[in-house]
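As a plain string of letters, each chain reads:
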Amino acid sequence: AERTAIVGASAGTDISTAINLAKSISNTRFRMVYPDSAIVPVSDSIGDVREFLVDGTYLASALVGNRVSPNRDVASPWTNSQLVGFSQLGRILDAVEQNQVSVNGVTVLSDQAPFVRVRHGLTTDMTNVLTKTPTVIQIADEVQKQSRAVLERFIGVKFLPGILSQVEGRMSQMFIGLVNAQIVAGYTGISANVSADDPTVAEIEAYYSPVFPLLYLVVTFNLRSSV
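Residues numbered from 1 in each chain as written. Predicted model: local features only at pLDDT ≥ 70, side-chain atom pairs only at ≥ 80, totals over all residues. Heavy atoms only, no water.

A. Region of interest: the sheet that holds strand 4 (residues 49–55). Pairing within the open sheet is antiparallel, and its three strands lie in the order 4-3-6. This sheet does not close on itself; its edge strands, each paired only once, are strand 4 and strand 6 (88–89). Direction of pairing for strand 3 (residues 37–43) relative to strand 6: antiparallel, over a ladder of two bridges. Across the sheet, Ile-39 pairs through a bridge with Gln-88, a residue of strand 6. In the packing of helix 2 (residues 56–67) onto the sheet, the strands contacted are strand 3, strand 4 and strand 6, and the crossing angle to strand 4 comes to about 95°. (Pairing = 2+ DSSP bridges. Helix = DSSP H or I, 4+ residues; strand = E, 2+ residues; numbered from the N terminus. Contact = heavy atoms within 4.5 Å. Axes fitted to C-alpha atoms, helices over the stretch in contact; angles between N-to-C directions.)

Structure representation (structure tokens):
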């Protein structure tokens, strides 16, 4: 349930088709990359360089490689990431077209020689900032995975009165580690209680805030005749 699809468009996919596809899927785990093609330079054995036009699946694969790099964690922003191996994009979008695509949940790439840059990383679910920001979903997945690892040791033990406080302590330690790793900004309300419906079940609850990426800077200039 924590799988993520990073998908590229086939060559020839126009802007309206890309937008309609993203809107029809609208899922936090589906990230669509656009434009639909790029140019890859390849050197032969004698050093001659030939250029090949590839479709958007190669761009999506490059983005996957960028995201799984050990130099990045789940909170590392997508926006402004650099993809290597391409000389340029096969379809050039102007600023208006880039905005038109991105507001509909498409991760837009732009040329920034000698790299291809992620102009804006998005999921296809544009409902709110918690659903459209890829790193928020990745952080939620990381919290879930670490919680399973931390709590696994309590499965199959005697449900004694002190178990619940131990569970809360382990969860607190886990969140402290996530805060120190700059993945979670803060947490509160960790509680563990016996289920009212089943005495073999402990219900655990916690509230936390992810570390958000900084995506916009709003600058206000005040013009005066003198200061």
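B. Spotlight on the side chain of His-120. Locating His-120 in the fold gives a position in strand 8 (residues 115–120). Since its relative accessible area comes to 15%, His-120 is described here as buried. Apart from the residues lying within four places of it in its own chain, the contact partners of His-120 are Thr-79, Val-106, Thr-107, Val-108, Leu-215 and Tyr-216. (Buried < 20%, exposed > 50% of the residue type's maximum accessible area, 1.4 Å probe, protein only.)

C. Expanded view of helix 6 (residues 163–180). When the terminal C-alpha atoms of helix 6 are compared, their 26 Å separation across 18 residues agrees well with the 26 Å that a helix rising 1.5 Å per residue should span. Along helix 6, the residues that are buried comprise Ile-163, Leu-164, Val-167, Met-171, Met-174, Phe-175 and Leu-178. The buried side chains of helix 6 occupy one side of the element, clustering within an arc of 110° when seen end-on. Helix 6 presents Gln-173 and Asn-180 as exposed residues on the side facing more than 90 degrees away from its buried surface. As for helix 6, its buried residues are in contact with helix 5 (134–151), strand 9 (184–194) and strand 10 (202–210). Gln-182 sits one or two residues past helix 6 and shows a positive phi near 60°. (Expected span 1.5 Å × (residues − 1). Arc of directions from axis to C-beta.)

D. Spatial organisation of the pairing of strand 8. Where strand 5 (residues 82–83) lies against strand 8, two bridges are found, and the strand directions are antiparallel. Bridge pairing in strand 8 places Leu-83 opposite Val-116. Where strand 7 (residues 106–112) and strand 8 come together, five bridges link them in antiparallel fashion. Each residue of the ladder has a partner; that of Leu-109, found in strand 8, is Val-118. Adjacent in sequence and paired antiparallel, strand 7 and strand 8 are bridged by two residues.

E. How the structure looks around empty space enclosed by the protein. As enumerated under the stated definition, the model contains one cavity of 30 Å³ or more in all. Its volume calculated, the largest cavity comes out at about 50 Å³. Pro-77, Trp-78, Thr-79, Gly-121, Thr-133, Pro-134, Thr-135, Pro-213 and Leu-215 together form the lining of the largest cavity. Looking at the lining of the largest cavity residue by residue, the class counts come to five nonpolar, four polar and no charged. (1 Å grid on protein atoms, 1.4 Å probe; cavity = no way out; pocket = protein on both sides within 12 Å on 5 of 7 lines; lining within 4 Å. Points joined across faces, edges and corners; volume = space filled by probe spheres on them. Nonpolar A, V, L, I, M, F, W, Y, C, P; charged D, E, K, R; others polar.)

F. A look at the packing of aromatic side chains. Evaluated as defined, the whole model comprises two aromatic pairs. Both rings, one in Phe-175 and one in Tyr-187, keep their centres 5.2 Å apart while their planes meet at 20°; by these two values the pair is stacked. With Phe-175 in helix 6 and Tyr-187 in strand 9, this residue pair connects regions lying twelve residues apart in the sequence. By relative accessible area, Phe-175 is classed as buried at 1%. On the accessibility criterion, Tyr-187 (31% relative accessible area) is partly exposed. Seen from their ring centres, Phe-175 and Tyr-208 are 5.7 Å apart, and the 40° between their planes marks the pair as tilted. Residue Phe-175 is located in helix 6, and its partner Tyr-208 is located in strand 10; the two are separated by 33 residues in the primary sequence. Judged by its relative accessible area of 30%, Tyr-208 is partly exposed. Clustering of aromatic rings is evident, with ring pairs tying together Phe-175, Tyr-187 and Tyr-208. (Phe/Tyr/Trp six-rings, centres within 6.5 Å; stacked < 30°, edge-to-face > 60°.)

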